[in-house]
Structure formats: structure tokens, C-alpha cells
Amino acid sequence: MTPSGSVPYLVIESTGRRFALDQGQSWAIGRGDGCAVLLDSRSVSRLHALIQRKDGGNLAIVDLGSRNGSFVNGSRVSFPRVLNDNDRLVFGDQELVFHYPGAGEAVKAAGGGARNEPTTALHTHSLATIMVVDIRDFTPLSRALTEALLSQTIGTWFLRTGQITQRLGSWAQKYIGDAVMAVWVHDKPSLVAPDLLKSLRAVSEIAAATEEISRAMPLPSPLRIGAGINTGPAIVGGIDYTALGDTVNAAFRLESATKELGLSVAIGESTYGELPSPARNGFTRREVELKGYEGLSTAWGISFEGLRDFLRRAGA
């Protein structure tokens, strides 16, 4: 909830119609039933775009694979983009203006308290599991696609990935270029294993969603992803709902190491140690070089097919 007098909203200037963006954490834009920003135009897709609350009060927009694209100040939205006061948004033939006069006050007032929900407090050395999923060979893919198809593909992938991680209890998600980072904060030692299984379930579901998107889009080749997961102390929280520290850095490096391993998923040694021991079969131990780290590091790799079998054995 934002302070009184600082509620963000969209307005159609030609009619004066306003859409308040103060209740909840996300607002769908489109002409389909249930959209918070309902636009009556055939040029607008049924589910066109999504605005999400980010960064302690700031709002970001992502296109959801719409036919005619989403634009901010004349630029097509291909990745989640933070909105600023007076930005002009275009969906099909519909133009709206975004107003957020009290953005600064909203950031200061943002907060939360429920488990795995964002909070502005900064918690040093919280125990967390970090999941990083990245689209492989994205640069050549982006060069091969039209801007519209690229936006449609990436927007759909971001949406599906965000929905999956949120549903499985992620404390926060960050969209970084062509990658998504999700964080599970473990308030109690007894919650580490269940949360870790949720992060692995998220990876498995994201892989399945990526395959679906590849089949649905006219791409020159299927989308491929890699995932890294690491568990350990991290600094989590702050107004930008992020995670920092060596545990986070290692998760990104583990994702990069999947290419060297020839496997789709790589998890750290501490993460592997938290897995249910009867179901660990399927992971392969490898010694890998992680960029920025001295010597070799232990990683445990597994294919997406192997991960599905592991989750089945673990009952997750």
C-alpha cells in the first residue's frame, strides 16, 4: 500500500479514465476479462503486458508476448523496464500516461513481514538458496529474431519464470539481462531442505515452460537454458529486494559452469549436502573452475531429465 496522495496510476488522456495501481503486487494490461487495466481495442492482446511492483515501491513493465508490442516513450519493451513518472505507454493503438508523483515516499514506506515476502529491512548473513536461470546463446538468438518476435519470446519466458518462482515460494525475483535470479530465505534450519526442493522444482518447471515456448514460437532453434543453485549466507533485503554476497556470486558461476559440465543444472556442495540422502542418485560430482575463485570448486551436475527423476524420488 502506498501513502495517501502518492498512488501510482495510468490514465488515458483522451478520456481521462484512470487505472489505480495501488492494490496488490501486479496488474495485467489487456482486453481480456480480469485485466486490471482493461483496454477496449482489437489491437490490444487479451493479455498484453504486466506491471509488477519492484524495488521497494517502483513499478516495472514487461510485455507478455503481445501481437503488437508494448512501448515506453517510443521504445519497444523487450525486457522488464522500470517506469518513471510521466512515461508514455502504448499498447496497440492505446496510449496511456504513467503517473507516480510519490515514488520516493513509497520506496521509503515499502515493507513487509510475511515469510518469503520482500521487506525493506537488510538482513546480514541470512541463510538463503539462490537460483539463477539463464538463456543460453542469447546474443546470436537476438540477432536472428525480429524485434517483435524477440520481445514476444523473452516477455513470455520472463512471465512464466516469474509465475513459477513466485508460486513456489521465492522471496524475490530479479530480471538481469537474459537471466532470472530467485531467492529463497530460510528462516529456520528445518526449512532449508523443503525450500531447496522448491527451488529445484522451479528449475524443472521453468525447463518445461521453456520447451513449451519454443514449440509455440517460430524460432530458428529451440530455446536452451542452464541453471545454477547455491545455498549459504547472503545479505538479503534492502529497498531493491536483492541478495548479495559470495553465495550469490557462486550461483551465477555455477550456472556458467553447466556449459563446461555438459549438463543443464549445477548445484553447490552446500546445496547438495541439504538434499534428502535417499534421493541423491542422479547428480554427478565434478571439479570445476569457477570464474573469480582460486583452485577448483566442487559442483554437482544433473540433466533436466535426471532432475525430474530426482524430484519424483524425493516426492517433491
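Residues numbered from 1 in each chain as written. Predicted model: local features only at pLDDT ≥ 70, side-chain atom pairs only at ≥ 80, totals over all residues. Heavy atoms only, no water.

Visitor: Help me understand the packing of aromatic side chains, please; the structure alone is not making it clear to me.
Guide: Think of a pair of aromatic rings as described by two things: how far the centres are apart, and how the planes are tilted against each other in angle. For the coordinates displayed, the defined rule picks out five aromatic pairs. Considering the side-chain rings of Tyr272 and Phe283, the 6.0 Å spacing of their centres and the 70° angle between planes classify their relative orientation as edge-to-face. Note that Tyr272 is positioned in helix H6 (residues 269–273) and Phe283 in the loop between H6 and strand E18 (284–288), a separation of 11 residues in sequence. Across this residue pair, the class does not change: Tyr272 and Phe283 are buried. (Phe/Tyr/Trp six-rings, centres within 6.5 Å; stacked < 30°, edge-to-face > 60°. Helix = DSSP H or I, 4+ residues; strand = E, 2+ residues; numbered from the N terminus. Buried < 20%, exposed > 50% of the residue type's maximum accessible area, 1.4 Å probe, protein only.)

Visitor: Quick question: what am I supposed to make of helix H5 (residues 246–261) here?
Guide: At 3.6 residues per turn, the α-helix brings residues three or four places apart onto the same side. Here H5 contains 16 residues, and its C-alpha end-to-end distance of 21 Å stays within 8% of the 22 Å for a straight helix at 1.5 Å per residue. Maximum bend of H5: about 25°, positioned at Glu255. Every buried residue of H5 is accounted for by Thr247, Val248, Ala250, Ala251, Leu254, Glu255, Ala257, Thr258 and Leu261. Of the residues flanking the end of H5, it is Gly262, one or two places downstream, whose phi is positive at about 75°. (Expected span 1.5 Å × (residues − 1). Bend = angle between axes of the 7 residues up to and from the residue.)

Visitor: What's the story with the pattern of salt bridges in this structure? I'm lost.
Guide: Once the charged atoms of two side chains with opposite charge are near each other, the side chains can pair. Taken as a whole, this structure holds seven salt bridges when the rule is applied. Note that Glu13 and Arg88 form a salt bridge whose closest N and O atoms lie 2.7 Å from each other. Of this pair, Glu13 sits in the loop between strand E1 (9–12) and strand E2 (17–20) while Arg88 sits in strand E10 (residues 88–91), placing them 75 residues apart in sequence. One salt bridge connects Glu95 with Arg88, and the closest N-O pair in it is separated by 2.7 Å. (Salt bridge = Lys/Arg side-chain N within 4 Å of Asp/Glu carboxyl O.)

Visitor: Please clarify how the pairing of strand E14 (residues 179–185) should be interpreted in this entry.
Guide: Within a regular strand, side chains alternate between the sheet's two faces. Burial analysis of E14 places seven of its seven residues in the buried class, the great majority of the element. Across the two faces of E14 the burial is the same, with Ala179, Met181, Val183 and Val185 and Val180, Ala182 and Trp184 all buried. Bridge count between strand E13 (residues 172–176) and E14: five bridges; the pairing is antiparallel. Residue pairing in the sheet places Ile176 in a bridge with Ala179 of E14. Hairpin connection from E13 to E14: two residues lie between these consecutive antiparallel strands, with Gly177 at a positive phi of about 65°. (Pairing = 2+ DSSP bridges.)

Visitor: Would you mind going over the environment of Gly162 with me for this structure?
Guide: Position of Gly162 relative to the elements: it lies in helix H3 (residues 147–167). Placed 12 residues apart in sequence, Gly162 and Lys174 show a C-alpha to C-alpha distance of 9.0 Å.

Visitor: Looking at this model, I keep getting lost on unusual backbone geometry. Mind explaining?
Guide: Where the residue is not glycine, phi is negative for most of them; where a peptide bond is considered, it is trans in most cases. A positive phi angle, close to 55°, is found at Asn73, a residue other than glycine. Relative to the assigned elements, Asn73 resides in the loop between strand E7 (70–72) and strand E8 (75–76). Located in the positive-phi region is Asp137, a residue other than glycine, with phi close to 55°. For Asp137, the position within the fold is in the loop between strand E12 (122–135) and helix H2 (138–144). Classification of Asp137 by relative accessible area gives partly exposed; the value is 47%.

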